Amino acid sequence: MPSCIVIGAGMTGLTAATLLHRHAWQVTVLDKGRGVGGRLATRRLSSSRADHGAQYFTARTPEFQQHIADWQQAGIVKEWNLISTPTTDITFQHPRYIGIEGMNSIAKYMAQNLSVLTNEKVIRLTKSEAEWIVNTENGNTYTANRIILTMPVPQALDLLAHSDIALSPEHHLALASIQYAPCIAVMASLYNNSSIPSPGVLKFDGGAIAWVADNFQKGITSHPSITIHASPDFSRQNLEADLDNVGKELIAMLEQWIAPSFIETIQVHRWRYSLAEKRYAAPYLALDISGSLLIGGDSFGMGNVEGAFQSGFQMAQFLFKK
Ligand SMILES: Cc1cc2nc3c(=O)[nH]c(=O)nc-3n(C[C@H](O)[C@H](O)[C@H](O)COP(=O)(O)OP(=O)(O)OC[C@H]3O[C@@H](n4cnc5c(N)ncnc54)[C@H](O)[C@@H]3O)c2cc1C
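All of these numbers come straight from a predicted model, not from anything done at the bench. (Residues numbered from 1 in each chain as written. Predicted model: local features only at pLDDT ≥ 70, side-chain atom pairs only at ≥ 80, totals over all residues. Heavy atoms only, no water.)

1. Quick word on the overall build of the protein
The cut-off we apply is this: Helical segments are the DSSP runs of H or I of at least four residues, strand segments are the runs of E of at least two, and each set is numbered from the N terminus. Note on exposure labels: buried denotes an accessible area under 20% of the residue type's maximum, exposed denotes more than 50%, and partly exposed covers the range between, all computed with a 1.4 Å probe on protein chains only. Working rule for contacts: check all heavy atoms of both residues, and any pair within 4.5 Å makes them a contact. The method behind every accessible area is Shrake-Rupley, applied with a 1.4 Å probe, and residues are considered shielded solely by the protein chains displayed. In this charge count, Lys and Arg are treated as positive and Asp and Glu as negative; neither His nor the chain ends contribute. Charged groups are reduced to one reference atom each: NZ for lysine, CZ for arginine, CG for aspartic acid, CD for glutamic acid.
Helix and strand counts for the protein come out as nine helices and 20 strands. For the protein, the spread of C-alpha atoms along the principal axes amounts to about 65 × 45 × 35 Å. Within the span of the protein, comprising 322 residues, buried residues form 53% of the whole. Put simply, 67% of the contacts in the protein that link residues at least 6 apart link residues at least 24 apart. Surface exposure of the protein reaches about 14500 Å², of which carbon and sulfur atoms provide 50%. The centroid of the 25 positive side-chain charges in the protein is displaced by 3 Å from the centroid of its 27 negative side-chain charges.

And the structure:
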C-alpha cells in the first residue's frame, strides 16, 4: 500500500491527506500545534469566539466549490455576505465563505477521519533506500514512501537544512524568494456589541490597522467579540514589541466603534507568516527526481485558503500518477 507522511495539518495538508486517504493510501499527518488548522485559527476568549487567522475564503475553482458544497451540506460552512460592505475592494463582489463555528471548525471536520497526530514537531527527514524516515522533537519516528511538506516555506527550509537535504540551486533560489507578510492579530471579547456597521467589517488602507471583524455579526459567536488585523507595515515594525501594549494601542484606535468600557478581555497573536506576498507560480514543487518529496502550501500557486486547497489537491493528483 502506498504511504505518505503529510507535515502540517492546515488546509494544504488536510486536503492532500483527505484525497490520499480516499484512494486507500496509508496517510499520517503530523503537526507541531496543539490542534489542527494552522492559520485556519479560532480562539475562545471568556464566553466568546474569534477567528484570528484567515477571516473567510473565496471559491473560484470548481474542485473547491464542490468541497464547499459538501461542507455546506454538512453544516460546517456558510456564505458571509460582504457585498454591502462599504469598500472600494471589488473582490468583495464574489461570495465569501466562513466556518459556521469559526474557521478552525473546517479543519477539525476535515481531520476527523484521518490519522492526525498533533504536538509532533518534525525535526529531521532522512531518505533510506526504501523509504523516508521522519523524526519528531518528541523522539518518535515515522516512515513512509512519500513526504509532503506544507509549513510556511522559511520553516520548511530550516527543516531541510537540519536534515542535510541538499536542494538544487534552482529550487533553493525559488524557495528562498517566497515571502510572507507578518500580522499582529488582536482579539477582544466585549460586554456590549460594537457599533461597527452591518455586515460587521472595517477595512482601512494605510495606517496601523488593515481589518476589523465583528465576530458577533459574522455569526460565529453568541457573545460579542472583535478581531483586529494590524497592517503588514505596522506588524513588521512591532513584531518583537510587547504584544499586550500593542493590542491596547490598536484597540484604542477604534474608540469610535468600541467604547473602552466595552472591553472584557484582550488576547494578541503574532503571525510571523500570514499572507504569502511573493509566491512560487506552480501549486507545488517536487524536490527530488523521483517525486517522493513534495513541498506545497499557500505560497504556491494562487495563494490564500483556496490556493492552499489547490496546492494540496494538486499534490495528491501528482502522487496518484506516480
Ligand atoms: C492573519 C491572517 C489573515 C488571513 N486572512 C485570510 C483570508 O481572509 N482569506 C484567505 O483565504 N486566507 C487568509 N489567510 C491565509 C490563510 O490562512 C492561509 O493561506 C492558509 O490557511 C494556509 O494553509 P496551509 O495549510 O498552507 O498552511 P498553515 O495553515 O500554516 O499550516 C501549516 C501547518 O504546519 C505546521 N507545522 C509547521 N512546522 C512544522 C513542523 N516542523 N512539524 C510539524 N508541523 C509543522 C503548523 O503548525 C501548521 O499547522 C490569512 C492568514 C493569516 C495568518
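2. Some points on the site of the ligand
Threshold: We call a residue near a molecule or strand as soon as one heavy atom of that residue lies within 4 Å of the molecule or strand. Whenever a nitrogen or oxygen atom comes within 3.5 Å of another N or O atom, the pair is scored as a polar contact, on the condition that within protein one atom can donate a hydrogen and the other can accept it, and that pairs from neighbouring residues in sequence are kept only if both atoms are in side chains.
Not every one of the 33 residues close to the ligand is listed here, only the nearest: Thr12, Asp31, Arg39, Tyr56 and Asp298. A distance of 2.6 Å separates an oxygen atom of the ligand from a polar side-chain atom of Asp31. Measuring from an oxygen atom of the ligand, one finds a backbone N or O atom of Gly38 at 3.5 Å. Secondary-structure elements contributing two or more residues to the shell around the ligand are helix H1 (11-22) and helix H9 (304-321). The element that contributes the greatest number of residues to the shell around the ligand is H9, accounting for three residues.

3. Here's the deal with the sheet that holds strand S10 (residues 141-144)
Applied cut-off: For two strands to count as paired, DSSP must find a minimum of two bridges between them. Think of each axis as a best-fit line through the C-alpha atoms, taken over the contacting stretch in the case of a helix, with angles from 0 to 180 degrees between the N-to-C directions.
Across the sheet, three strands lie side by side as S8-S9-S10; this open sheet has antiparallel pairing. Sheet topology places strand S8 (122-127) and S10 at the edges, where each strand pairs with a single neighbour. Taken pair by pair, the neighbouring strands of this sheet meet at an average axis angle of 20°, ignoring direction.

4. Here's the deal with the domain arrangement of the protein
Selection rule: For the domain bounds, the source is a domain assignment made automatically or taken from a database.
Taken domain by domain, the protein comprises domain 1 (1-34 + 118-178 + 281-322) and domain 2 (180-271). Measuring from the centre of the C-alpha atoms in domain 1 to the corresponding centre in domain 2 gives 33 Å.

5. Examining the nonpolar core
This is how it is decided: Buried residues of nine kinds, namely Ala, Val, Leu, Ile, Met, Phe, Trp, Tyr and Cys, make up a nonpolar core once their side-chain atoms join them within 4.5 Å.
If you look at the biggest cluster of nonpolar residues, it comprises 46 residues, and the most contacted ones within it are Met11, Phe57, Phe64, Trp71, Ile106 and Ile148. No other element matches the eight residues that H9 contributes to this core. When residues are assigned to domains, this core turns out to be shared by domain 1 (1-34 + 118-178 + 281-322) and domain 2 (180-271), each giving three or more. Once you skip the residues sitting within four places of it in the chain, Phe57 turns out to touch Phe64, Ile68, Trp71, Val77, Pro95, Arg96, Tyr97, Met103, Ile106 and Val305. With 26 residues, the next largest nonpolar core counts Val122, Trp132, Tyr180 and Ile295 among its residues.

6. Details of the packing of aromatic side chains
Our working rule: Geometry of aromatic contacts follows a simple scheme: Phe, Tyr and Trp rings, the Trp one being its six-membered ring, pair when their centres are within 6.5 Å, and the pair is stacked under 30 degrees between planes, edge-to-face over 60, tilted otherwise.
This model, assessed by the stated rule, comprises 13 aromatic pairs. Between the aromatic rings of Phe64 and Trp71, the centroid separation amounts to 6.0 Å while the plane-to-plane angle is 85°, which identifies the pairing as edge-to-face. The class of Phe64 is buried, set by a relative accessible area of 0%. Overall, the relative accessible area of 5% leaves Trp71 in the buried class.

7. Things to note about H1
Condition: A helix is expected to reach a length of 1.5 Å times the quantity of its residues less one.
Taking 1.5 Å per residue, 12 residues should reach 16 Å; H1 reaches 16 Å between its end C-alpha atoms and fits that length. For H1, the buried fraction is high: 10 of the 12 residues fall into the buried class. Within H1 the residues assigned to the buried category are Met11, Thr12, Gly13, Leu14, Thr15, Ala16, Ala17, Thr18, Leu19 and Leu20. Where H1 ends, the next residue or the one after it, Ala24, has phi of about 65°, a positive value.

8. Examining H9
For H9, spanning 18 residues, the distance from its first C-alpha to its last is 26 Å, which sits close to the expected 26 Å at 1.5 Å a residue. With respect to burial, H9 is a largely interior element, 13 of its 18 residues being buried.

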